[in-house]
Amino acid sequence: MHATVYTVSDVMTRTVVALAAGATFKEIVRTMEERHISALPVIDTGNRVVGVVSEADLMRKEEFRDSAPERGPRARPPAGLDKARAVTAADLMTSPAVTVHPGAALGQAARVMALRKVKRLPVVDDDGVLRGIVSRSDLLRVFLRPDAAIVDEVRRDVLAGRLPDGIESIDVDVSEGVVTLTGRVRDTSVVPLAVRLVRSVEGVVDVRSELTGPPHRPALEPDLAQEENARRFAPQPRS
C-alpha cells in the first residue's frame, strides 16, 4: 500500500476566468472587481496560457500618473513605465506565466508560489493549455481532511511494514490534524523515520512522538549475574 498523494488536480478550480490578449484595461479591472480575483491568466486562440495580468501590473498606471518619467533622450526609463502606458492585456501581462502541471504535488505548487511570490497559479497541461487555476486557499484545503482518515492512512499505509515491530505496539491518535504516536518500538533509531513519514501525510499539521524503546531488564545482583552467565554459556549436551 502507498500513502495517498494529493496533486494539484485534486484541489484546483476547473472553471477559470481568463483574458484574451486584446482585453482592454477597463475590461480587466471590471472583471477583477466582479469576480473578486487579483490576477487573471491571458490565453491565445488555442487556450494556451501566454501570460498573467495582476493587480500589481494594473497599479503601474496609477504609480506613474503624476510623475514625469521623460528625462531626456538618453535617460533610462524607470521600471514599469511600459506597463503604465499599456492599455491591453497583451501589453500589461507578465510573460512567460508561472504555471503548474495538474499532476504536480501540492508541496511543489506551494514552493513555486513562495519562490515566485504569487498567490495563484494557472494549471496547464503538457501543451500549455489552460486546465484550471490553483490558489493558496486551494492548497490549504487538504488540512480539512477528517482526523479519522488521517489515522487510517498513518496506520495502514505509512507505519505498516515500515517498522520492524509492525504497528501492533504503536498507538496513533489524531486531534485537529496533530498526530500523536505512543507505544514502544524495538529499535529507537527508527523513530525519526516514523515521524518523518507521518509528517509527509497530506493534512497532517504536526507530529508528536512519545515512542519509547523496549523496557529495560532489572539489573541482577552480582552473584545472580554470574549464575545467569554460567547458565547461558554452559556447553549444551550432545543429542
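Bear in mind the structure is a predicted one, so any value in this text is a computation, not a measurement.

### Quick look at the overall build of the chain
Counting secondary structure elements, the chain contains 10 helices and 8 strands. Taken across its 239 residues, the chain has 36% of its residues classed as buried. The contacts in the chain between residues at least 6 apart in sequence include a share of 57% that link residues at least 24 apart. With the model as given, the accessible surface of the chain reaches about 15,500 Å², and the carbon-plus-sulfur share is 52%.

### A closer look at the environment of Glu-210
With respect to the element layout, Glu-210 can be found in strand S8 (residues 206–212). For Glu-210 and Thr-182, which are 28 residues apart along the polypeptide, the C-alpha to C-alpha distance reads 4.8 Å. Setting aside residues up to four positions removed in sequence, Glu-210 forms contacts with Thr-180, Leu-181, Thr-182 and Gly-183.

### Some words on the pattern of salt bridges
Counted according to the given criterion, the structure contains 8 salt bridges. When the shortest N-O distance is used, the salt bridge between Arg-141 and Asp-138 registers 2.4 Å. Given the relative accessible area of 40%, Arg-141 is considered partly exposed. Judged by relative accessible area, which is 5%, Asp-138 ranks as buried. Here Asp-206 makes a salt bridge to Arg-199, at a shortest N to O gap of 3.0 Å. Salt bridges sharing common partners tie together Asp-152, Arg-156 and Asp-157.

### Digging into the sheet that holds strand S1 (residues 19–20)
Read from one edge to the other, the open sheet built from 3 strands follows the order S1-S2-S3, with strand pairing classed as mixed. Among the strands making up the open sheet, the edge pair consists of S1 and strand S3 (49–54).

### A word on the confidence of the model for the chain
Summing up the model confidence of the chain, the mean pLDDT is 85 and the portion of residues at 70 or higher is 78%. Averaged over each element, pLDDT in the chain is lowest for helix H10 (residues 222–233) (59) and highest for S1 (97).

### Details of helix H2 (residues 25–35)
Each turn of an α-helix holds 3.6 residues, which means side chains three or four residues apart point in the same direction. Listing the buried residues of H2 in full gives Phe-25, Ile-28 and Met-32. All buried residues of H2 project into a common sector of 70° when viewed along the axis, lining one side. Summarising the geometry of H2, the exposed residues directed more than 90 degrees from the buried face are Lys-26, Glu-33 and Glu-34. Positive phi appears at His-36, one or two residues downstream of H2, with a value of about 55°.

### Description of the packing of aromatic side chains
Counted by the stated rule, this structure contains 0 aromatic pairs. Residue placement shows Lys-61 over the ring face of Phe-25; its charged tip is 5.2 Å from the ring centre.

### Here's the deal with the environment of Val-29
Position of Val-29 relative to the elements: it lies in helix H2. Taking the C-alpha atoms as reference points, Val-29 and Glu-55, 26 residues apart in sequence, are found 8.4 Å from one another.

Definitions and limits used
Positions within a chain are numbered from 1, following the residues in the order the chain's sequence is written. It should be noted that, the model being predicted, local features are given only for residues of pLDDT at least 70 and side-chain atom pairs only at 80 or more, the latter also being counted only at that level, while totals for whole chains, interfaces and linings use all residues. To get the side-chain values, take all heavy atoms of the structure and skip hydrogens and water. Numbered from the N terminus, helices here are DSSP runs of H or I no shorter than four residues, and strands are runs of E no shorter than two. Only protein chains enter the accessibility calculation, which uses a 1.4 Å probe; a residue is then buried when its area is under 20% of its type maximum, exposed when over 50%, and partly exposed in between. Contacts are residue-level and defined by heavy atoms, with any inter-residue pair within 4.5 Å sufficient. The Shrake-Rupley method, run with a 1.4 Å probe, gives the accessible areas here. Residue values count only the displayed protein chains as cover. We define a salt bridge as a contact between a side-chain nitrogen of Lys or Arg and a carboxyl oxygen of Asp or Glu at a distance within 4 Å. Between any two strands, at least two bridges found by DSSP are needed for them to pair. The pLDDT value tells you how sure the predictor is about a given residue, anywhere from 0 up to 100. The arc in question is traced by the directions running from the helix axis to the C-beta atoms. Stacked, tilted and edge-to-face are the three classes assigned to paired rings of Phe, Tyr and Trp, where Trp is represented by its six-membered ring and a pair needs centres within 6.5 Å; plane angles under 30 degrees give stacked, over 60 edge-to-face, the rest tilted. Comment: the charge-over-ring label is applied if NZ (Lys) or CZ (Arg) is within 6 Å of the ring centre and within 35 degrees of the ring normal.

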